[in-house]
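Inside the fold
Each chain is listed here by its residues.
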Amino acid sequence: MMSWTTSINRGISTRNHLHFTGEEDSTLSEGMVAVAAHVPKDGIVWILVLEYDGRRYPIVRRHTLIGRGTDADISIRAKGVSRRHCEIVWDGSRAEIVDLDSTNGTSLDGVEITRAALPDQCHLDIGQARIVVQVVPQTSEAYHQLLDTPQTATEDAG
């Protein structure tokens, strides 16, 4: 009987490493794998996360303003970003991006939009800033810790 254990954190967005343990199962055909998951006692919450300039910004509020202004929830100082550039509307399971009549527009995966549903993985271009968008799992405990965390991203791009 063959047995193995491994740990990965590549291609999967999680806060911690995933640990896999396996053993040979003669009831499966060659190349097949049976998978079972352990869900933490406090459960899993799926959240929207923006990644920009090497930092991650969990979206936990219904409306999140992105722009270079001081009133932005996520402040990005890059060329071509308006003070009130765009807004993400998140209902806990679906998200949409809304351009707020910005000077240089908002693009979703290379297509200029005024309003669009966000897929679970995509890229937003606002001005010269490129933002990676993903929906990722969090434990309920980690999610509740995020609720009061201020989100600000800054980059001085001359």
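See the structure above.
Residues numbered from 1 in each chain as written. Predicted model: local features only at pLDDT ≥ 70, side-chain atom pairs only at ≥ 80, totals over all residues. Heavy atoms only, no water.

What to know about the overall build of the chain
- Of the regular secondary structure elements, the chain holds one helix and 13 strands.
- Written out in order from the N terminus, the α and β elements of the chain read β-β-β-β-β-β-β-β-β-β-β-β-β-α.
- Burial analysis of the chain (158 residues in total) assigns 37% to the buried set. (Helix = DSSP H or I, 4+ residues; strand = E, 2+ residues; numbered from the N terminus. Buried < 20%, exposed > 50% of the residue type's maximum accessible area, 1.4 Å probe, protein only.)

Here's the deal with the side chain of Ser107
- When you line up the elements, Ser107 lands in strand 9 (residues 106-108).
- Taking the relative accessible area as the measure of exposure, Ser107 reaches 15% and is therefore buried.
- Among all residues touching Ser107, those that are not within four sequence positions of it are Glu112, His123, Leu124 and Asp125. (Contact = heavy atoms within 4.5 Å.)

Structural notes on the side chain of Ser102
- Inspection of the secondary structure puts Ser102 in the loop between strand 8 (95-99) and strand 9.
- Residues in contact with Ser102, not counting those within four places in the same chain, are Ser82 and His85.

Considering the pattern of salt bridges
- All told, the structure shown has five salt bridges when counted by the stated rule.
- Salt-bridge contacts for Asp91 lead to Arg94; the nearest nitrogen and oxygen are separated by 3.2 Å.
- A residue is classified by how much of its surface remains accessible, and Arg94, at 59% relative accessible area, is exposed. (Salt bridge = Lys/Arg side-chain N within 4 Å of Asp/Glu carboxyl O.)

With respect to the nonpolar core
- Counting residues in hydrophobic clusters, the biggest one holds 25 residues, and the most contacted among them are Leu50, Ile76, Ile88 and Leu118.
- Breaking this core down by element, the ones donating at least two residues are strand 3 (44-52), strand 4 (55-59), strand 7 (86-90), strand 8, strand 12 (121-126) and strand 13 (129-139).
- Ranked by size, the runner-up nonpolar core spans six residues in total, among them Val49, Val60, Val136 and Leu146. (Core = buried A, V, L, I, M, F, W, Y, C linked by side-chain atoms within 4.5 Å.)

Focus on the sheet that holds strand 12
- Reading across the sheet, the six strands line up as 4-3-13-12-9-10 and stay open at both edges, with antiparallel pairing between neighbours. The strands lining the two open edges of the sheet, one partner per strand, are strand 4 and strand 10 (111-113). Strand-to-strand twist of the sheet, defined as the mean angle between neighbouring strand axes without regard to direction, takes the value 35 degrees.
- Bridging between strand 3 and strand 4 involves five bridges; their strand directions are antiparallel. Looking across to strand 4, one finds that Val49 is bridged to Pro58. (Pairing = 2+ DSSP bridges. Axes fitted to C-alpha atoms, helices over the stretch in contact; angles between N-to-C directions.)

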